[in-house]
Amino acid sequence: MKRKTLIACMLFACLFAVSQAQTPTNQLTINPEDPDNLAKEYFSQIMGVAVSASTNTKLYQFIYEWIGTPYRLGGKTKKGVDCSKFAYELYEQVFNTTLGYNSRNIYTQVNPIRKDELKPGDLVFFKIRSRNITHVGVYIGDDKFAHASSSRGVMISNLNEAYWKRYYYNGGRMFTAENKSDGLVQQPPVN
């Protein structure tokens, strides 16, 4: 964990140094006194999403730290994690919200939304070779989502890839208990 943080800081410093060397001072687009802006720029490049889509640096930092974690059914640590536990840990750490224990249960906690309404932090659900929901991921913007793949562990995939397009079921946005009863939807907080 400390090593990844150190590497991330070094990469931020390199990114800043390169941008300083290539950008005239009167056209500087990255403010060195704004670490959030630097982080957004960095994560947008690493994860392949537009800077405008990377508004929640805490979300992207969490995903970055988990990328490459191997898949393990029922696992919930960086030694191994499955898709629902990855979403559970992400929501617990980033949004301070508790999710259900599997993808079908999690789906009961969301307000279904269309694919074109997805925002970073929303959940995406899949029915892979089944009539039931079997997989969940977290949308990060620009048609990309983070998830724990059974074949490659925690990774970022594109909803427009043929495989994911074939099995995509629906998107969902979490709502709280207080507004569940009155039908209102609350977007996860943006930090």
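Everything in this summary refers to the structure shown in the same document.

Parameters at a glance
- Residues numbered from 1 in each chain as written.
- Predicted model: local features only at pLDDT ≥ 70, side-chain atom pairs only at ≥ 80, totals over all residues.
- Heavy atoms only, no water.
- Buried < 20%, exposed > 50% of the residue type's maximum accessible area, 1.4 Å probe, protein only.
- Helix = DSSP H or I, 4+ residues; strand = E, 2+ residues; numbered from the N terminus.
- Pairing = 2+ DSSP bridges.
- Core = buried A, V, L, I, M, F, W, Y, C linked by side-chain atoms within 4.5 Å.
- Contact = heavy atoms within 4.5 Å.
- Axes fitted to C-alpha atoms, helices over the stretch in contact; angles between N-to-C directions.
- Salt bridge = Lys/Arg side-chain N within 4 Å of Asp/Glu carboxyl O.
- Parallel < 35°, antiparallel > 145°, perpendicular 65-115°, else oblique.
- Left-handed = near helix turned anticlockwise from the far one by under 90°.
- Nonpolar A, V, L, I, M, F, W, Y, C, P; charged D, E, K, R; others polar.
- Phe/Tyr/Trp six-rings, centres within 6.5 Å; stacked < 30°, edge-to-face > 60°.

**Some details on the pairing of strand S6 (residues 144-149)**
Turning to step 1, where the next piece is worked out: Burial runs high along S6: six of the six residues are buried.
Turning to step 2, where the next piece is worked out: Side chains Lys144, Ala146 and Ala148 of S6 all project onto a buried face; the interleaved residues Phe145, His147 and Ser149 project onto the opposite face, where all are buried too.
Turning to step 3, where the next piece is worked out: Both S6 and strand S7 (residues 153-158) contribute to a ladder of six bridges, which runs antiparallel. In the strand pairing of S7, Phe145 is matched with Ser157.
Turning to step 4, where the next piece is worked out: Counted between consecutive antiparallel strands, the loop separating S6 from S7 contains three residues.

**Things to note about the nonpolar core**
Nonpolar side chains tend toward joint burial in soluble globular proteins.
Turning to step 1, where the next piece is worked out: Among the nonpolar cores identified, the biggest contains 27 residues, and Phe86, Leu90, Leu123 and Phe125 are the most heavily contacted of them.
Turning to step 2, where the next piece is worked out: Contributing elements (two or more residues each) for this core: helix H3 (57-66), helix H4 (83-94), helix H5 (103-107), strand S4 (123-126), strand S5 (135-141) and S6.
Turning to step 3, where the next piece is worked out: Element by element, the count of residues in this core is highest for H4, at six residues.
Turning to step 4, where the next piece is worked out: Not counting chain neighbours up to four residues away, the residues in contact with Phe86 comprise Phe62, Ile63, Trp66, Val81, Ala146, His147, Ala148 and Val154.
Turning to step 5, where the next piece is worked out: Tyr139, Phe145, Leu159 and Tyr167 belong to the second-largest nonpolar core, a separate cluster that totals 11 residues.

**Observations concerning the sheet that holds S4**
Turning to step 1, where the next piece is worked out: Reading across the sheet, the six strands line up as S3-S8-S4-S5-S6-S7 and stay open at both edges, with antiparallel pairing between neighbours. Of all strands in the sheet, those bounded by a partner on one side alone are strand S3 (110-113) and S7. Each strand of the sheet is rotated relative to its neighbour by a mean of 35 degrees, with strand direction disregarded.
Turning to step 2, where the next piece is worked out: By the bridge criterion, four bridges tie S3 to strand S8 (residues 168-174) in an arrangement that is antiparallel. Among the inter-strand pairings, Ile113 is bridged to a residue of S8, identified as Gly171.

**Re the pattern of salt bridges**
Turning to step 1, where the next piece is worked out: Under the definition given, this model contains three salt bridges.
Turning to step 2, where the next piece is worked out: Among the ionic pairs, Asp116 bridges to Arg114, the shortest N-O distance being 3.1 Å. Side by side, Asp116 and Arg114 carry an identical accessibility label, which is exposed.
Turning to step 3, where the next piece is worked out: In this structure, Glu117 and Arg114 form a salt bridge, with 3.5 Å as the shortest nitrogen-oxygen distance.
Turning to step 4, where the next piece is worked out: Overall, Glu117 belongs to the partly exposed group, its relative accessible area being 33%.
Turning to step 5, where the next piece is worked out: If you follow the salt bridges from partner to partner, you end up with Arg114, Asp116 and Glu117 in one network.

**Observations regarding the packing of H3 against H4**
Turning to step 1, where the next piece is worked out: Two elements in contact, H3 and H4, have axes separated by 10 Å at closest approach and are oriented at 140 degrees. By the angle between their directions, the pair H3 and H4 is classed as oblique. At the point where H3 passes H4, the crossing takes the right-handed sense. Contacts between H3 and H4 involve Lys58, Leu59, Phe62, Ile63 and Trp66 from the first element and Phe86, Glu89, Leu90, Gln93 and Val94 from the second.
Turning to step 2, where the next piece is worked out: Of the residues in the contact of H3 with H4, the class split is seven nonpolar, one polar and two charged.

**Notes on the packing of aromatic side chains**
Turning to step 1, where the next piece is worked out: This model, assessed by the stated rule, comprises 12 aromatic pairs.
Turning to step 2, where the next piece is worked out: Both rings, one in Phe126 and one in Trp164, keep their centres 4.9 Å apart while their planes meet at 65 degrees; by these two values the pair is edge-to-face. You can see Phe126 sitting in strand S4 and its partner Trp164 sitting in helix H6 (residues 162-167), a full 38 residues away along the chain.
Turning to step 3, where the next piece is worked out: You can call Trp164 buried: its relative accessible area is 7%.
Turning to step 4, where the next piece is worked out: Plain terms: the ring middles of Tyr163 and Trp164 are 4.9 Å apart, the flat faces sit at 90 degrees to each other, and that makes the pair edge-to-face.
Turning to step 5, where the next piece is worked out: By relative accessible area, which is 35% here, Tyr163 ends up partly exposed.

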